[in-house]
Each structure stands twice: as structure tokens, then as C-alpha cells.
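Architecture and fold: a report
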Amino acid sequence: MNKTVEVLPDQPALVARALDLILSKLETAIQQRGQFTIALSGGSTPKPLYEAIGNQKLTWDKIHVFWGDERYVVPDHPDSNELMARRAWLDRVPIPAANIHAVPTLSANPAVDAAKYERHLQEFFHSVPGKFPALDVVLLGMGDDAHTASLFPHTEALKVCDRLITVGNKDSSQRITFTYPFINAARSVIFLAAGANKRPALAQVFASEADDFAYPSRLIKPQGELVWLLDAAAGLELKP
Ligand SMILES: O=C(O)[C@H](O)[C@@H](O)[C@H](O)[C@H](O)COP(=O)(O)O
């Protein structure tokens, strides 16, 4: 694992750096493999990044968008990660509808939809059960409790290591999430974390010893590249 930690002066600088990184990986991926695959995170931090990507002139037919996690709500629900990304970016660019690989949430059974998303990913990547296909980029945020995607502390989702997709739980609300082994198969994992409220969780995630199940972002150790992009408020005391 190749880990880098960058502390940017503020959130606009963090977004600008994330955009640079993603555009560079997009260009390399399309040159080398003819397509670019990215999994998006929800939350508030990435929204300006999605808006910035939506302002770019890119070869949209070669770009495929997935979600690393999704709330178990209908796609037009205000909590939907898909809705946020569509409004901020995807509905503003000529990306083919087939390139937007939204998480299914309409079967009224999260486990059924998780399995459905897994099958879709396996078909897209021509992979077989037991293999973890590599996305070019998985974008992640981190909650104040050190959760990432919908992998929350001390939940069953953290024990799922033989699937790509599973059901996550935040208190009583159900989610669909990449498993941590699937995230770790990515060529690049980019965390975006901003705000002083992230400091206590970051201290645990970066500590040499701590309980991975209490601080799930610790489980993210990709075979490829791990990049933490922090603003100064979040990264002030970090000794990478
Ligand atoms: O569906 C979600 O909410 C996200 O995927 C979640 O994991 C998010 O990334 C973190 O909670 C950080 O959220 P902020 O960016 O708002 O701090």
C-alpha cells in the first residue's frame, strides 16, 4: 500500500486537489484501459467536488460512475447519494445513462438489492464470485465515528469479506455498501475529510494501534494507492 496524506489550507483547496488527482487518474485509465471507473461517496464534503467535475469537458462515454454506498431510499429521496451526485454533476453533463451504475433500492429488501448490485458489478467487470475487481478510484468520506462508506463501527458489515456488496446499518437506517475488501481492491482510494470535528476519529484511524472494528476507516488498506486529503481544520495535529 502506497499511503500519502495531504493537508490542504481549506475545503476549496481540498476540492481543487481532489479534482486534479481524479482528472489525472481518469486520463491514465482511459489511455491504458479505454475507460475510467469511479465509485462515489455521499455526505457533504464531496458535493463541491462533484460540481467541479461537472464543469469539465471530458470523454463522458468512457467514464463509468458507481456508488460506494447508498442509503436505502428511493432515488428521488432527499437522502439519496445518487440524487446528490446527479444534481451536482451527472445531470449536467452528456454522460450516457448506461454509464451511471446506481445502487438498486427498490426491491423493499436491502439484501436482495445488495446481491443485485454485486451481480451488476461482476457482469460489468467480467469478474467471478470470490474475485474483487479493481475500480480506478474509490472516493470515500469519513464520519466523526470513523465510519466510511456505510461501514459503521461494530456492525456486521465489517465482518463481510467474501462479497463485493453488503447491507450496512447506521442505527435503524439500512444502507447498501461496498465491503472493505472490495474497496481495498481499488487502484486508488481517495479519502476526503474536512473539519475539526474529524480530528478525534482521524487520531484513532492513524494511530499505530486501535480497534479496527471501532474505527472502520482503519480497515481501508488498498493494494494500490491510499490518499488522504484533509483540510487544515481536520489535519492540524496529524503526524502522517
Ligand atoms: O452515505 C454517506 O453518508 C457517506 O458515504 C458517508 O460515509 C460519508 O462519506 C461520511 O459520513 C462523511 O460525510 P461528510 O462528508 O458529510 O463529513
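All residue numbers refer to position in the chain's written sequence, counted from 1. Reporting of local features is limited, given that this is a predicted model, to residues whose pLDDT is at least 70; pairs of side-chain atoms are given and counted only at 80 or more, and all residues count toward the totals for whole chains, interfaces and linings. With hydrogens and water excluded, all non-hydrogen atoms of the structure serve as input to the side-chain values.

Numbering goes from the N terminus for both helices and strands, where a helix is a DSSP run of H or I of at least four residues and a strand is a run of E of at least two. Across its full length, the chain holds 7 helices and 9 strands. Taken over C-alpha atoms, the radius of gyration is set against a globule rule of 2.2 Å times the number of residues to the power 0.38. For the chain, whose C-alpha radius of gyration is 17 Å, the value lies close to the compact-globule estimate of 18 Å for 240 residues. Overall, the chain is about 45 × 40 × 35 Å in size when its C-alpha atoms are taken along their principal axes. Here the term buried applies to any residue with accessible area under 20% of the maximum for its type, exposed to any over 50%, and partly exposed to those in between, with areas from a 1.4 Å probe on protein chains only. Expressed as a percentage of its 240 residues, the buried residues of the chain come to 55%.

We count a salt bridge whenever a side-chain nitrogen from Lys or Arg sits within 4 Å of a carboxyl oxygen from Asp or Glu. Scanning all chains against the criterion turns up 14 salt bridges. Notably, a salt bridge pairs arginine 187 with aspartate 136, separated by 3.0 Å at the nearest N-O pair. Of this pair, arginine 187 sits in the loop between helix H5 (180–184) and strand E8 (188–193) while aspartate 136 sits in the loop between helix H4 (110–124) and strand E5 (137–141); the two residues are 51 residues apart in sequence, bridging distant segments of the chain. The class of aspartate 136 is buried, set by a relative accessible area of 5%. Beyond isolated ion pairs, a larger network of salt bridges with shared partners links Arg33, Asp136 and Arg187.

Moving on: the sheet that holds strand E6 (residues 165–170). Judged by pairing direction, the sheet is antiparallel, and its 3 strands sit side by side in the order E4-E7-E6 without closing on themselves. Only two strands of the sheet have a single neighbouring strand rather than two, namely strand E4 (69–71) and E6. Strand-to-strand twist across the sheet, computed as the mean angle between neighbouring axes with direction ignored, equals 25°. Between any two strands, at least two bridges found by DSSP are needed for them to pair. Note that E4 and strand E7 (residues 173–178) share 3 bridges and pair antiparallel. Bridge pairing in E7 links glutamate 70 to isoleucine 176. Contacts: residue pairs with any heavy atoms within 4.5 Å of one another. Between the N-to-C directions of two axes lies an angle of 0 to 180 degrees, each axis being a line fitted to C-alpha atoms and, for a helix, fitted only over the stretch in contact. Packing of H4 onto the sheet brings it into contact with E6 and E7, and relative to E6 it is tilted by some 140°.

Moving on: the nonpolar core. Remark: nonpolar core denotes a set of buried residues (Ala, Val, Leu, Ile, Met, Phe, Trp, Tyr, Cys) joined through side-chain atoms within 4.5 Å. Formed by 78 residues in total, the largest nonpolar core has its most connected members in Leu49, Leu139, Phe178 and Trp228. Setting aside its immediate chain neighbours within four residues, leucine 139 contacts Ile22, Ile38, Ala39, Leu40, Ser41, Leu49, Tyr50, Ile190 and Leu192.

Time to look at the packing of aromatic side chains. Each Phe, Tyr or Trp ring (for Trp, its six-membered ring) is paired with any other whose centre lies within 6.5 Å, and the angle between the two planes then decides the class: stacked below 30 degrees, edge-to-face above 60, tilted in between. As enumerated under the stated definition, the model contains 8 aromatic pairs in all. Ring geometry for phenylalanine 124 and phenylalanine 125: centres 4.9 Å apart, planes at 80°, overall edge-to-face. On the basis of relative accessibility, which here comes to 19%, the residue phenylalanine 124 falls in the buried class. For phenylalanine 125, a relative accessible area of 17% translates into the label buried. Measuring from ring centre to ring centre gives 3.8 Å for phenylalanine 191 and tryptophan 228, while their planes differ by 0°; the resulting arrangement is stacked. With phenylalanine 191 in strand E8 and tryptophan 228 in strand E9 (residues 225–231), this residue pair connects regions lying 37 residues apart in the sequence. A relative accessible area of 2% places tryptophan 228 in the buried class. Aromatic ring contacts, followed pair by pair, group Tyr50, Trp60 and Trp89 into a single cluster. Throughout this description, the term charge over a ring refers to an Arg CZ or Lys NZ atom that lies within 6 Å of the ring centre and within 35 degrees of the ring normal. Positioned above the aromatic ring of phenylalanine 206, the side-chain terminus of lysine 3 is 4.1 Å from the ring centre.

With that settled, consider the site of the ligand. Neighbouring the ligand are 14 residues; Ser44, Thr45, Asp69, Arg71 and Lys198 lie closest to it. Under the rule applied, a polar contact is a pair of N or O atoms within 3.5 Å (in protein, one hydrogen donor and one hydrogen acceptor; residues adjacent in sequence only if both atoms are side-chain atoms). The contact in question runs from an oxygen atom of the ligand to an N or O atom on the backbone of glycine 42, over 3.2 Å. One nitrogen or oxygen atom from the side chain of lysine 198 is found 2.6 Å from an oxygen atom belonging to the ligand. Each residue is assigned to one class: nonpolar for Ala, Val, Leu, Ile, Met, Phe, Trp, Tyr, Cys and Pro, charged for Asp, Glu, Lys and Arg, and polar for all the others, Gly among them. When the residues that make up the shell around the ligand are grouped by side-chain class, the tally is 2 nonpolar, 8 polar and 4 charged. Any residue with at least one heavy atom within 4 Å of a molecule or strand is counted as near it.

Its location among the elements puts valine 137 in strand E5. The buried category is assigned to valine 137, whose relative accessible area is 0%. The sequence separation of valine 137 and serine 127 amounts to 10 residues, and the corresponding C-alpha distance is 18 Å. Beyond its immediate stretch of four places on either side in the chain, valine 137 contacts Lys25, Phe36, Thr37, Ile38, Ala39, Ser188 and Ile190.

Here we take up the packing of helix H2 (residues 47–54) against helix H3 (residues 81–88). Interhelical geometry of H2 versus H3 gives an angle of 40° and a closest axis separation of 8 Å. Viewed along their axes, H2 and H3 adopt a mutual orientation that is oblique. By crossing handedness, the relation of H2 to H3 is classed as right-handed. Touching Lys47, Tyr50 and Glu51 of H2 are Met84, Ala85 and Ala88, all from H3. Along the lines of polarity and charge, the residues of the contact of H2 with H3 split into 4 nonpolar, no polar and 2 charged. Roughly parallel refers to an angle under 35 degrees, roughly antiparallel to one over 145, roughly perpendicular to one between 65 and 115, and oblique to any angle outside these ranges. Each crossing gets its handedness from the near helix: less than a right angle anticlockwise from the far helix is left-handed, clockwise is right-handed.

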